[in-house]
Amino acid sequence: MNMSNLEQNDAEERIRKAFKERDWSEIRSEDSWAIFKIMSEFVEGYEKLAKIGPCVSIFGSARTPRDHEYYKMAEEIAAKLVRHGYGVITGGGPGIMEAGNKGAYSEGGKSVGLNIVLPFEQFNNIYIDRDKLLTFDYFFVRKVMFMRYAQGFVVLPGGFGTLDEFFEALTLIQTNKIGRFPIVLVGKSYWEGLVDWIKKTLLAENNYIKEEDLDLFCVVDDATEAVRVIDEFYSKYLLSPNF
């Protein structure tokens, strides 16, 4: 994708700023403001999400058009999750995120949107509960909310952001930083190349992961399978999502 002049100028300014020497006054002023902004985002997120009950985070590309099969599948998965007693958390934007919120909204379920401020892309969709829309400046704060308040993760096809969210959840579960909640990749044809690389390059050739780490996620091809994985997790631990 070609960068616009505005994007190019902004990128160059960020690089120049990174190499600029700052005096203590500048450091204290800029970093103190950032600390308080980060704290405020954490506080608002904790306050709004602490009582939402069991939810599933749905990840996927913002660029997925509404007539695409994956958009329709995300909408169906979200609707089924709500009918089974779960709330839905998305990144709050268009594409797969919109589909997830739309499916939850259509069934009268909890529809949470964790929007991110981006200069040229992101805007929140209209299917988010008004009291459950949060807008973040910092990706890392937003990711904490995705992980902290979800009891399952459904990952549809997407780009760098989707991969980041998938591997964040995978890493936190592998290292026991969060519970061993289910991670469901949707779309076998899309994910098979990545899964093969994980099996061949990470495991077989380099031994960078353990064989049992492959059990931390599964790959499915339709909405019913995706929701079944979430339900089986709850059944295994004798939990009901409707508590």
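Residues numbered from 1 in each chain as written. Predicted model: local features only at pLDDT ≥ 70, side-chain atom pairs only at ≥ 80, totals over all residues. Heavy atoms only, no water.

To continue, consider the side chain of Ser57. Mapping Ser57 onto the fold places it in strand E1 (residues 55-59). Given the relative accessible area of 0%, Ser57 is considered buried. There is a polar contact of 3.3 Å between the side chain of Ser57 and the backbone oxygen of Phe146. Those residues within four positions of Ser57 in sequence are excluded, and the remaining contacts are Ile89, Phe146, Ala150, Gly152, Phe153 and Val154. (Helix = DSSP H or I, 4+ residues; strand = E, 2+ residues; numbered from the N terminus. Buried < 20%, exposed > 50% of the residue type's maximum accessible area, 1.4 Å probe, protein only. Polar contact = N/O pair within 3.5 Å; in protein donor to acceptor, adjacent residues only side chain to side chain. Contact = heavy atoms within 4.5 Å.)

This part covers the sheet that holds strand E5 (residues 153-155). Read from one edge to the other, the open sheet built from seven strands follows the order E4-E3-E2-E1-E5-E6-E7, with strand pairing classed as parallel. Strands at the two margins of the open sheet, each flanked by one partner only, are strand E4 (133-136) and strand E7 (218-220). Going from strand to strand, the sheet's axes swing by 20° on average, the running direction of each strand aside. Both E1 and E5 contribute to a ladder of three bridges, which runs parallel. Its bridge partner being in E5, Ile58 is matched across the sheet by Val154. Contacting E1, strand E2 (87-90), E5 and strand E6 (183-186), helix H3 (residues 69-83) runs over the sheet at an angle of about 175° to E1. (Pairing = 2+ DSSP bridges. Axes fitted to C-alpha atoms, helices over the stretch in contact; angles between N-to-C directions.)

At Asn176, a residue that is not glycine, the phi angle is positive and equals roughly 60°. When you line up the elements, Asn176 lands in the loop between helix H6 (160-174) and E6. Its identity is not glycine, yet Asn207 carries a phi of approximately 60°, on the positive side. By the secondary structure assignment, Asn207 is in the loop between helix H7 (188-205) and E7. Here Asn207 falls in the exposed class, since its relative accessible area comes to 60%.

Glancing now at the nonpolar core. If you look at the biggest cluster of nonpolar residues, it comprises 65 residues, and the most contacted ones within it are Ile77 and Phe153. It is H3 that contributes the most residues to this core, eight residues altogether. (Core = buried A, V, L, I, M, F, W, Y, C linked by side-chain atoms within 4.5 Å.)

Along helix H4 (residues 96-106), eight of the 11 residues are buried, which leaves the element largely enclosed by surrounding structure. Every buried residue of H4 is accounted for by Ile96, Met97, Glu98, Ala99, Gly100, Asn101, Gly103 and Ala104. Buried residues along H4 sit against E1, H3, E2, strand E3 (111-116) and helix H5 (139-148). Backbone geometry just downstream of H4 places Gly108 in the positive-phi region, at approximately 75°.

Moving on, we come to a nonpolar patch on the surface. A grouping of Ile35, Phe36 and Met39 is seen on the molecular surface, where their side chains present a nonpolar patch of about 340 Å² in accessible area. We classify Phe36 as exposed; its relative accessible area is 58%. (Patch = residues over 30% accessible without salt bridge, like charges linked within 9 Å, V, L, I, M, F, W, Y side chains within 5 Å. Areas by Shrake-Rupley, 256 points an atom, 1.4 Å probe, with all protein chains shown as cover. Salt bridge = Lys/Arg side-chain N within 4 Å of Asp/Glu carboxyl O.)

It is worth spelling out the packing of aromatic side chains at this point. In the structure shown here, the tally under the stated rule is 13 aromatic pairs. Between Phe42 and Tyr46, the ring centres sit 5.9 Å apart and the planes meet at 45°, which makes this aromatic pair tilted. Linking Phe42 with Tyr46, this pair stays in helix H2 (residues 24-49), spanning four residues, or about one helical turn. Where Tyr86 meets Tyr234, the ring centres are 5.1 Å apart and the plane angle is 55°; that geometry is what we call tilted. Of the two residues, Tyr86 sits in the loop between H3 and E2 while Tyr234 sits in helix H8 (residues 223-236), which places them 148 residues apart along the sequence. The two residues Tyr86 and Tyr234 agree in class, both being buried. Among the aromatic residues, those joined into a ring-pair cluster are Phe166, Phe167, Tyr190, Trp191 and Phe217. (Phe/Tyr/Trp six-rings, centres within 6.5 Å; stacked < 30°, edge-to-face > 60°.)

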